[in-house]
Amino acid sequence: MTSLPVLPLSPGAAPRRPALPPRHLADLDLAGRQALVAELGEPAFRAKQLSTHYFGRLVRDPAQMTDLPAAARERLAESLMPTLLTAVRELACDDGATRKALWRLHDGALVESVLMGYQDRVTVCISSQAGCGMACPFCATGQAGLTRNLSTAEIVDQAVYLAGVAASGAVSGSPPRLSHVVFMGMGEPLANYARVIEAIRRLCAPSPEGLGLSQRHITVSTVGLVPAMRRLAEEELSVTLALSLHAPDDELRDELVPVNQRWKVAEVLDAAWDYADRTGRRVSIEYAMIRDVNDQPWRADLLGRLLAGRLAHVNLIPLNPTPGSRWDASPKPVEREFVRRLRVAGVSTTVRDTRGREIDGACGQLAASETGSADGR
């Protein structure tokens, strides 16, 4: 696993750990919220009231929770409803169907999340880390380096906010309810394993304990952290595992996905097949199409041989532009031939759309900058 070192502030000083965000009700299950409310001298049902506002009505501002007595509301808000995400900027494209939010966290770190509205669903792409330590050279987030892990509540709060945007009717032509969440924003989700798993449980718990989403509508992406992939297979969750493969051979993948220097293609795929066998869920193989780098016909054939007969689907991603990158997307004829060869091998294959590219909100573009055109996914 690749990560940036934490440097001492002065010679001889101990490295400083990032300050944890304040506790939030989304960090706790319903029983934990009830226990904390009782410690504050309030009746346990206040925990359900707060939870109903937050997860059921998508209200994140305690001032709007007017069914709580004013004195209790202030006390409970201080202990259970601190502000975790402060909006810096929101951008939209695709006639408002794609929206990107840039957030400042309590310690000044920046993260981004993206809402994508479709005719039959609303999907949000959320971040699990501020930055990313995986250092994939074609990804803006990976080139920015890792700042810190997000807390469970910081992860969940992104989804709750964007669920509120959908519920407001702001995304015309789409259902008013969030239905899908993908952990494909900033960061490597399985490098923040415990908090991501807790976030999934909040997203899927029935209201008012959580947001009430289907586990089958949650996708967790990874570059291939094999021990964490095997651990995920034992969680008894029905989420989709998305493996960012990007090359079928070790020589190239060592360059494109540096973690491959630790866990090679065969070992990563073996962990993916273990996940598929244990859960019955099809693994999504993510593959960015990079001109003259990984788009050769022989690599399509090799990928087809590796995946043939497996419970897998290939999601080809036209490379999205990032500032300073020396690489570009594969030409469409090359992309079509790659698809053809995979399908001839019997491998289900689709090409991902490039929603959000105009606002740097597409795959690989998130960089969370406050200035310039590089602020995006």
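Shown above is the structure to which this text applies.
Residues numbered from 1 in each chain as written. Predicted model: local features only at pLDDT ≥ 70, side-chain atom pairs only at ≥ 80, totals over all residues. Heavy atoms only, no water.

(A) How the structure looks around the packing of aromatic side chains. Counted according to the given criterion, the structure contains 3 aromatic pairs. For the ring pair W103 and Y161, a centre distance of 4.8 Å and an interplane angle of 85° mean the geometry is edge-to-face. A residue pair is termed long-range when its members are at least 10 positions apart, and W103 in strand β2 (residues 98-104) and Y161 in helix α5 (residues 152-167) qualify at 58 residues. No difference in accessibility class separates W103 from Y161, as the two residues are buried. Here the basic side chain of R121 rests over the ring of Y118, its NZ or CZ set 4.0 Å away from the ring centre. (Phe/Tyr/Trp six-rings, centres within 6.5 Å; stacked < 30°, edge-to-face > 60°. Helix = DSSP H or I, 4+ residues; strand = E, 2+ residues; numbered from the N terminus. Buried < 20%, exposed > 50% of the residue type's maximum accessible area, 1.4 Å probe, protein only. Lys NZ or Arg CZ within 6 Å of the ring centre and 35° of its normal.)

(B) Quick peek at the nonpolar core. Core analysis: the largest hydrophobic core is formed by 107 residues, its most contacted members being F183, I200 and I218. At 10 residues, the largest contribution of residues to this core is made by α5. Setting aside residues no more than four positions away along its own chain, I200 makes contact with F183, I218, V220, L237 and V239. Formed by 7 residues, the second largest nonpolar core is a distinct cluster that contains M116, V182, M184 and A242. (Core = buried A, V, L, I, M, F, W, Y, C linked by side-chain atoms within 4.5 Å. Contact = heavy atoms within 4.5 Å.)

(C) Up close: the packing of α5 against helix α6 (residues 193-204). Where α5 meets α6, the closest approach of the two axes is 8 Å, and the angle between their N-to-C directions is 40°. Regarding the angle of α5 to α6, the classification is oblique. As for how α5 packs across α6, the hand of that crossing is right-handed. Contacts between α5 and α6 involve T152, I155, V156 and A159 on the former and, on the latter, R195, V196, E198, A199, R202 and L203. Class assignment of the residues belonging to the contact of α5 with α6 gives a composition of 6 nonpolar, 1 polar and 3 charged. (Axes fitted to C-alpha atoms, helices over the stretch in contact; angles between N-to-C directions. Parallel < 35°, antiparallel > 145°, perpendicular 65-115°, else oblique. Left-handed = near helix turned anticlockwise from the far one by under 90°. Nonpolar A, V, L, I, M, F, W, Y, C, P; charged D, E, K, R; others polar.)

(D) A look at the side chain of T123. Tracing the chain through its elements places T123 in strand β4 (residues 122-125). Not counting chain neighbours up to four residues away, the residues in contact with T123 comprise V114, L115, M116, Y118, L178, H180 and V182.

(E) Summary view of the pattern of salt bridges. Taken as a whole, this structure holds 20 salt bridges when the rule is applied. Between E112 and K100 there is a salt bridge, with its nearest N and O atoms 3.5 Å apart. In this pair, E112 sits in strand β3 (residues 110-117) while K100 sits in strand β2, placing the two residues 12 residues apart along the sequence. Here K100 falls in the buried class, since its relative accessible area comes to 3%. Notably, a salt bridge pairs R341 with E337, separated by 2.8 Å at the nearest N-O pair. On the criterion of helical spacing, the pair formed by R341 and E337 is a turn pair, its members being 4 residues apart in helix α11 (residues 332-344). (Salt bridge = Lys/Arg side-chain N within 4 Å of Asp/Glu carboxyl O.)

(F) Structural detail: the pairing of β4. Both faces of β4 are covered, namely the face carrying V122 and V124 and the face carrying T123 and C125. The turn linking β3 back onto β4 is made up of 4 residues. Relative to strand β7 (residues 180-183), β4 runs parallel, the two being bridged by 3 bridges. Considered in β7, the bridge of V124 is made with V181. (Pairing = 2+ DSSP bridges.)

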